[in-house]
Amino acid sequence: MSVIHKTTITPTKLELLAAWLPAQPWYAAAGSAPEPVKAGGFRLDDPEGEVGIEFMVVADASAPEPVAYHVPMTYRGAPLEGAEAALIGTVEHGVLGTRWVYDAAHDPVAVGQVLALLRGEAQPWAQSVDGAPDPTVVVEGGPVAAKGIDAAAAAAASTAEGTEVRFGGGPAVLRIVRVLRPDGPEGGAAGVVTGWTAPDGAAHRGVFAALDGA
């Protein structure tokens, strides 16, 4: 499993996101500077141990009504070829050095692990505690979900509704929910639902991702 280092990160993840969020089509507070606050999430492991994978929830009170955004990110020790448009920024990690931070919807390692999670083949881990499973993550689907889908053929695109990941022209679509809402699973073969904290501090559950057409 990945190791969580207790060290400095410059700039911080929240500082990176404050600059990146307004450029996203699903950002809900156009014309306002975000004030993101960490509000939950979980991690997945890269089987090769090279890429950090985090599904972060950030609360933002700059919109007319408080919003909770879902921002999956990957952390790499070198640039990901062909993913320049998905780069959120770079940080200096006190232990690991320079890390390239990407929108994980465009990173095949992260997409592959989401598919593994939907098949029951990956363990969701606590966001900030080494070796602790996250029991708040609920997966609906089973071993047949996402079977035979090639993450290497994934292509992601974002709209005001969120991000869709498609796979080599096939029927499967992995929908990454960006603006979290306290509701049940959406339609599709499988969904990932986790606990998250709304900007008002109340605990809710919402859909993080759902797979359709598989």
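Reading guide: rules and limits
Residues numbered from 1 in each chain as written. Predicted model: local features only at pLDDT ≥ 70, side-chain atom pairs only at ≥ 80, totals over all residues. Heavy atoms only, no water. Pairing = 2+ DSSP bridges. Helix = DSSP H or I, 4+ residues; strand = E, 2+ residues; numbered from the N terminus. Buried < 20%, exposed > 50% of the residue type's maximum accessible area, 1.4 Å probe, protein only. Arc of directions from axis to C-beta. Contact = heavy atoms within 4.5 Å. Core = buried A, V, L, I, M, F, W, Y, C linked by side-chain atoms within 4.5 Å. Axes fitted to C-alpha atoms, helices over the stretch in contact; angles between N-to-C directions.

### So, the pairing of strand 10 (residues 162-167)
- Bridging between strand 9 (residues 154-159) and strand 10 involves six bridges; their strand directions are antiparallel. When the bridges of strand 10 are listed, Ala154 appears paired with Phe167.
- What sits between the antiparallel neighbours strand 9 and strand 10 is a turn of two residues.
- As defined by bridge partners, strand 10 adjoins strand 11 (residues 173-176) across four bridges and the pair is classed as antiparallel. Each residue of the ladder has a partner; that of Thr163, found in strand 11, is Ile176.
- Two successive antiparallel strands, strand 10 and strand 11, enclose a turn made up of five residues, where Gly168 displays a positive phi of approximately 55°.

### So, helix 1 (residues 13-20)
- Within helix 1, burial applies to Lys13, Leu16, Leu17 and Trp20. End-on view of helix 1: buried residues confined to an arc of 95°, all on one side of the axis.
- Buried residues along helix 1 sit against strand 1 (9-10), strand 2 (36-44), strand 3 (52-60), strand 4 (67-76), strand 5 (87-93) and strand 6 (97-103).

### Concerning the nonpolar core
- Of all hydrophobic cores here, the largest spans 35 residues; its most connected members are Phe167 and Leu174.
- Elements with a contribution of two residues or more to this core: strand 2, strand 3, helix 2 (108-118), strand 10, strand 11 and strand 13 (203-212).
- The residues contacting Leu174, other than those within four sequence positions of it, are Val111, Val114, Leu118, Thr163, Glu164, Val165, Phe167, Ala209, Ala210 and Leu211.

### Let's talk about the sheet that holds strand 6
- Across the sheet, seven strands lie side by side as 1-5-6-4-3-2-7; this open sheet has antiparallel pairing. At either end of the open sheet lies a strand with only one pairing partner, and these are strand 1 and strand 7 (125-126).
- As judged from the two bridges shared by strand 2 and strand 7, these two strands associate in the antiparallel manner. Across the sheet, residue Arg43 finds its bridge partner in strand 7, namely Trp125.
- Strands in contact with helix 1 are strand 1, strand 2, strand 3, strand 4, strand 5 and strand 6; relative to strand 5, the strand with the most contacts, it is inclined by about 160°.

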